[in-house]
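Survey of secondary and tertiary structure
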Amino acid sequence: MAITCATGKHRRPSRMQRTTVRAAGVAALTTTGVMATVASTPAFAAEPTPEQTGLIPVVTVGESVAEQLDDQVAVQKQAAFEEAAREAAAKKAVEEREARVRAAREAERKRLNAFVLPITGSYVSTGYQASSSLWSSGSHTGIDFHASSGTTVHAVGLGTVVEAGWAGSYGYQVVIKMNDGTYTQYGHLSSIEVSVGQQVTPGQRIALSGATGNVTGPHLHFEARTTAEYGSDIDPVAYLRKHGVNV
């Protein structure tokens, strides 16, 4: 019985068949000119252009986004810088305002603690404890400042008025309890411009000088005392100088 070989569609072609097919294919390529073209090209095909791959649009979009991000960062940095500048300016303004307030408070404190002459630009015409029959005690209990009638009389320092009115030989007078616990007295006034209980500050106008009471002419009688009462007088020149007044 003869043995035959099946030639189904899955059987691999013989070597002879493969060679024949390859030869036919080469011949066909040569005839059409394709072989010549292939032979003349490099071993590797040229890379596709960016236009063919779509890379240019992608890169362009990427650069555009990056530029936008850079712009946003720049804007944010500028905004942060401006905000920091505003905050610094506001802080400086607050510090300067606080410094001005402190300076004003310090100046006011110094002013309130300062002492001044009771008559601006005047001088002592009669000294302390000068002897004369003009005074009932036999000596001068204060000092006299030269002043014509109607000259402004100032409180020498910070204090509270405890007496304001007629006082016999002193004429019209004002007595002030000073902030340091001492007292000052202003006599022979032509008019009084403060009242009992009123607080006065250094240099404040309290009266006008005159010639009321026991006097020989207009002037201001000024005393420094340890109490509000007559007889507790202390050296008014030393008192004023102790408080920084040039007498």
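Check the entry above for the structure.
A brief report on the enclosed structure follows. (Residues numbered from 1 in each chain as written. Predicted model: local features only at pLDDT ≥ 70, side-chain atom pairs only at ≥ 80, totals over all residues. Heavy atoms only, no water.)

**Re the overall build of the protein chain**
The condition is simple: Working definition: helices are DSSP H or I runs of at least four residues, strands are E runs of at least two. Numbering for both runs from the N terminus. Relative accessibility thresholds used throughout: buried, under 20% of the residue-type maximum; exposed, over 50%; partly exposed, between the two (1.4 Å probe, protein chains only). We call two residues in contact when some of their heavy atoms are within 4.5 Å.
Scanning the protein chain from terminus to terminus reveals 5 helices and 10 strands. Here the protein chain holds 247 residues, and the buried ones make up 24% of them. Long-range pairs, those at least 24 residues apart, make up 58% of the contacts in the protein chain between residues at least 6 apart in sequence.

**Description of the pairing of strand 8 (residues 205-209)**
Our working rule: Only strands that DSSP links by at least two bridges are regarded as paired with each other.
In terms of burial, strand 8 is a largely internal element, 4 of the 5 residues being buried. One ladder, built from 3 bridges, connects strand 3 (residues 152-154) with strand 8; its direction is antiparallel. Within strand 8, the residue paired with Thr152 across the bridge is Leu208. Sheet analysis places strand 6 (residues 183-192) next to strand 8, joined by 3 bridges and oriented antiparallel. Bridge pairing links Ser191 to Leu208 in strand 8.

**Section: the pairing of strand 9 (residues 219-225)**
Of all the 7 residues making up strand 9, 7 are buried; the element is thus mostly covered by neighbouring parts of the structure. In strand 9, alternate side chains face the same way, and those of His219, His221, Glu223 and Arg225 on one face and Leu220, Phe222 and Ala224 on the other are all buried. As defined by bridge partners, strand 2 (residues 143-146) adjoins strand 9 across 4 bridges and the pair is classed as antiparallel. Counterpart to Ile143 in the pairing with strand 9 is Phe222. The pairing of strand 6 with strand 9 spans 5 bridges and is antiparallel. The partner of Gly187 across the bridge, within strand 9, is His221. Relative to strand 10 (residues 233-234), strand 9 runs antiparallel, the two sharing 2 bridges. Looking at the pairing, Arg225 lines up with Asp233 of strand 10.

**Topic: the packing of aromatic side chains**
To keep things clear, this is the line we draw: In this analysis, rings of Phe, Tyr and Trp, with Trp reduced to its six-membered ring, are considered paired at centre separations within 6.5 Å, and the interplanar angle assigns stacked below 30 degrees, edge-to-face beyond 60, and tilted for intermediate values.
According to the stated counting rule, one finds 5 aromatic pairs in the structure shown. Both rings, one in Trp166 and one in Tyr172, keep their centres 5.0 Å apart while their planes meet at 80°; by these two values the pair is edge-to-face. In this structure Trp166 comes out as exposed when scored by relative accessible area, which is 55%. Counting every residue linked through ring pairs, the aromatic cluster contains Phe145, Tyr186 and Phe222.

**As for unusual backbone geometry**
Phi angles above zero are rare outside glycine, and Gln129 is one such case at about 65°. Positive phi values are uncommon outside glycine, yet His188 reaches one of about 65°. Structurally, the position occupied by His188 is in strand 6.

**Focus: the side chain of Ser232**
Short version of the rule: Definition of a polar contact: a pair of N or O atoms within 3.5 Å, with one able to donate and the other able to accept a hydrogen when the atoms are protein atoms, and with sequence-neighbouring residues admitted only if both atoms are side-chain atoms.
Here Ser232 is to be found in the loop between strand 9 and strand 10. Of the polar contacts made by the side chain of Ser232, one reaches the side chain of Thr227; its length is 2.9 Å. Here the side chain of Ser232 touches Glu229 through a polar contact of 2.9 Å, landing on its backbone oxygen. Residues in contact with Ser232, not counting those within four places in the same chain, are Ala224, Arg225, Thr226 and Thr227.

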